[in-house]
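Structure at a glance
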Amino acid sequence: MCYYRLEFSEVKNMEKPNLKDARIRTHNKVNIIRNFKISDELKEIGKNKKYLVKTYGCQMNERDSENICAMLEGMGYTRTNTIDNADLVVLNTCAIRENAHNKVFGMLGRLKHLKEERPIMVGVCGCMAQEEVVVNEIMTKNKHVDFVLGTHNLHRLPEVIKNSIDKNALEVEVWSKEGDIIEDIPIKRESKYKAWVNIMYGCDKFCTYCIVPYTRGKQRSRLKEDIIKEVSDLVSEGYQEVTLLGQNVNAYGKDIEGYNYNMANLLSDVAKTGIKRIKFVTSHPWDFTDDMISVIRDNENVLPYVHLPVQSGSNKILKLMGRKYTRESYLELVHKLRENIPNLCLTTDIIVGFPNETDEDFNDTLSIVNECKYDQAYTFIYSKRVGTPAAAMQDSIPLSKKEERLQVLNELINKYSLESNKKLLNKVVDVLIDCKSEKEGMLSGYTSNNKLVNVCAPISYIGKIAKVKITECKTWSLDGVLDE
Ligand code: 5AD
Ligand code: SF4
């Protein structure tokens, strides 16, 4: 089926992203907006229609998708899990590496074919929407896309959908600004037991390889009252676990002038709500204070789990990355964490093949892994991001060399993962069982120090924290049986 659409030259009032504006940081006060509403007119748009949201990337995006789903349902759409009967497909995208980018364009290609058969509506939001190169590629090569919506104006989704339908044309609305805090967008949470809770948005660290400060705006902390209320409400609803989310959670509060309240204070107050489990991601080694270590150690419901991205073990590369800590100061922090927090689960992110990384630099990364003995690590080959300072650096390392380094690193990481998992053999641990396992007939969940466990247990255990005896330890997961 073919149907008429306006050509781009006819489309008025596009708000396209602009990387130069996205880089600007001022001391202007952050607006906290609390007036979200879906007008009656918009509530009818999705009647008898089905939507599918596909999420790429990090937990922030998972959390944003919960807002997207709630707004769409507020417009009358109902959810489907398959593209085959969807009337609206929203891609919530990730810009952090080239492969995430390619996956999205692959999906857009698939949707183009579908759209030749029936009038399916296609929207792109998330971090890729904030990139000039992406929006240009959509406008020139993906004319079947109906709307592009930026991260700063996610709350405008209902209006943007309506505008696109009314104009029968691509609607691009991407704000390249420092960002506000929108407090009251509705949420449709994916889980009834575990919840994501944003504590801050954006990032001001500007690591030289990273696109996030451009796509997510400046660091802006939510007010403690709003966070505590959200967690308290979750406790009343029966939630067992919250994960506090931010790009740099330990810098919480630093962006609010005169705010005498930091991440250690917040963790301690969230612990008082009585929620059974509290996690927090991601920590930057720079802002991790002794007070935070004490709060983790002294509160049983603050889980002994720290995700502390190291990125590289070489001081030369850390400097080129703009990470603002040294190998030595990182190791000092790790030793302090290990000494003070029993059963600590320590995980990290590592990039290999950053421009100018020599074999010696890479060996420094291997040696820091040997010292830290991470429980798990997310490892990546450096990916050039247009507009970031590292993109202008000479990168003469061949891809084959980078792949080789990644493989060597992964083997080492796997060795330590298995070693740390093996420590739990025959031990009885608390597992928050929250879903059916991929393994037939089993359920799965996480220990308090963040290890994935597959358990033989009746389905009624979903949502419970159960005592589980570990019977088998593998690199990525553990197997266990109920012990209660
Ligand atoms: N290339 C490769 N990995 C990256 N990360 C961020 N930007 C890039 C990039 N350009 C990794 C970092 C970060 C994690 C979320 O993604 O390790 O901690
Ligand atoms: Fe990116 Fe660095 Fe900010 Fe993390 S701290 S989001 S790696 S710029």
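Residues numbered from 1 in each chain as written. Chains lettered and ligands numbered in written order. Predicted model: local features only at pLDDT ≥ 70, side-chain atom pairs only at ≥ 80, totals over all residues.

When helices and strands are counted, the protein chain shows 14 helices and 21 strands. On the principal axes, the C-alpha backbone points of the protein chain span a range of 65 × 55 × 50 Å. Residues classed as buried in the protein chain amount to 44% of the 484 residues present. (Helix = DSSP H or I, 4+ residues; strand = E, 2+ residues; numbered from the N terminus. Buried ≥ 20, exposed ≤ 12 C-beta atoms within 10 Å, placed from the backbone.)

It is worth spelling out the site of ligand 1 at this point. Lining the immediate surroundings of ligand 1 are Ile96, Arg97, Tyr209, Cys210, Pro309, Gln311, Asp349, Ile351, Phe380, Tyr382, Ser383 and Arg385. Looking at side-chain class alone, the shell around ligand 1 contains seven nonpolar, two polar and three charged residues. (Near = placed C-beta within 6 Å. Nonpolar A, V, L, I, M, F, W, Y, C, P; charged D, E, K, R; others polar.)

This paragraph deals with unusual backbone geometry. The omega angle of the peptide bond from valine 281 to threonine 282 is 0°, so this bond is cis rather than trans. Mapped onto the elements of the fold, threonine 282 is located in the loop between β13 (277–281) and α10 (290–298). At asparagine 343, a residue that is not glycine, the phi angle is positive and equals roughly 55°. With respect to the helices and strands, asparagine 343 occurs in the loop between α12 (327–340) and β15 (345–352). Look at asparagine 450: it is not a glycine, yet its phi comes out positive at around 65°. The residue asparagine 450 is located in the loop between β18 (443–447) and β19 (452–456) in this model.

Further remarks concern the domain arrangement of the protein chain. Under the domain assignment used here, the protein chain contains domain 1 (19–173), domain 2 (187–422) and domain 3 (428–482). On a C-alpha basis, the centroid separation for the pair domain 1 and domain 2 is 27 Å. Between domain 1 and domain 2, the contact holds 24 residues from the first and 21 residues from the second. Here the side of domain 1 that touches domain 2 takes nine residues from helix α3 (residues 59–74), the largest share from any one element. When the residues that make up the side of domain 1 that touches domain 2 are grouped by side-chain class, the tally is ten nonpolar, five polar and nine charged. (Domains from an automatic or database assignment. Contact = placed C-beta atoms within 7 Å.)

Before going further, it helps to spend a moment on the sheet that holds strand β4 (residues 88–93). Strand order across the open sheet formed by six strands is β3-β2-β4-β5-β6-β7, with parallel pairing between neighbours. Edge positions in the sheet fall to β3 (78–79) and β7 (171–173), since each of these pairs with one other strand and no more. Bridging between β4 and strand β5 (residues 121–126) involves six bridges; their strand directions are parallel. Paired with asparagine 92 across the two strands is cysteine 125, which belongs to β5. (Pairing = 2+ DSSP bridges.)

A word on the sheet that holds strand β12 (residues 241–245). Pairing between the strands of a sheet is mediated by backbone hydrogen bonds and can be parallel or antiparallel. Pairing is parallel across the open sheet formed by three strands, whose spatial order is β9-β12-β13. Two strands in the sheet have a free side with no partner beyond their single neighbour: β9 (194–198) and β13. Adjacent strand axes in the sheet meet at a mean angle of 25°, parallel and antiparallel pairs treated alike. Along the sheet, helix α8 (residues 224–236) contacts β9 and β12; its crossing angle with β9, the most-contacted strand, is approximately 170°. (Axes fitted to C-alpha atoms, helices over the stretch in contact; angles between N-to-C directions.)

Relative orientation of the contacting elements helix α9 (residues 263–272) and α10 amounts to 15°, with a least axis distance of 8 Å. Here α10 runs roughly parallel to α9, going by the angle between their axes. α9 and α10 meet at a crossing whose hand is left-handed. Of the residues in α10, those in contact with Met263, Ala264, Leu267 and Ser268 of α9 are Asp291, Met292 and Val295. Across the contact of α9 with α10, the residue classes break down as five nonpolar, one polar and one charged. (Parallel < 35°, antiparallel > 145°, perpendicular 65-115°, else oblique. Left-handed = near helix turned anticlockwise from the far one by under 90°.)

Right, let's get into the pairing of strand β16 (residues 376–381). Where β15 and β16 come together, six bridges link them in parallel fashion. Residue aspartate 349 lies in a different strand from β16, and its bridge partner there is tyrosine 378. Each parallel crossover has a hand, and the one from β15 via helix α13 (residues 359–372) to β16 is right-handed. (Right-handed = clockwise from strand over helix to strand, strands pointing away.)

As a further point, take the nonpolar core. Formed by 125 residues in total, the largest nonpolar core has its most connected members in Val148 and Leu267. Apart from residues lying up to four places away in sequence, valine 148 is in contact with Val124, Ala129, Val135, Ile138, Val172 and Val174. (Core = buried A, V, L, I, M, F, W, Y, C linked by C-beta atoms within 7 Å.)

Attention now moves to α10. Considered for burial, the residues of α10 that qualify are Met292, Val295 and Ile296. Angularly, the buried residues of α10 cover 100° about the axis, an arc narrow enough to put them on a single face. Residues of α10 that are exposed and point more than 90 degrees away from the buried face comprise Asp290 and Asp298. (Arc of directions from axis to C-beta.)

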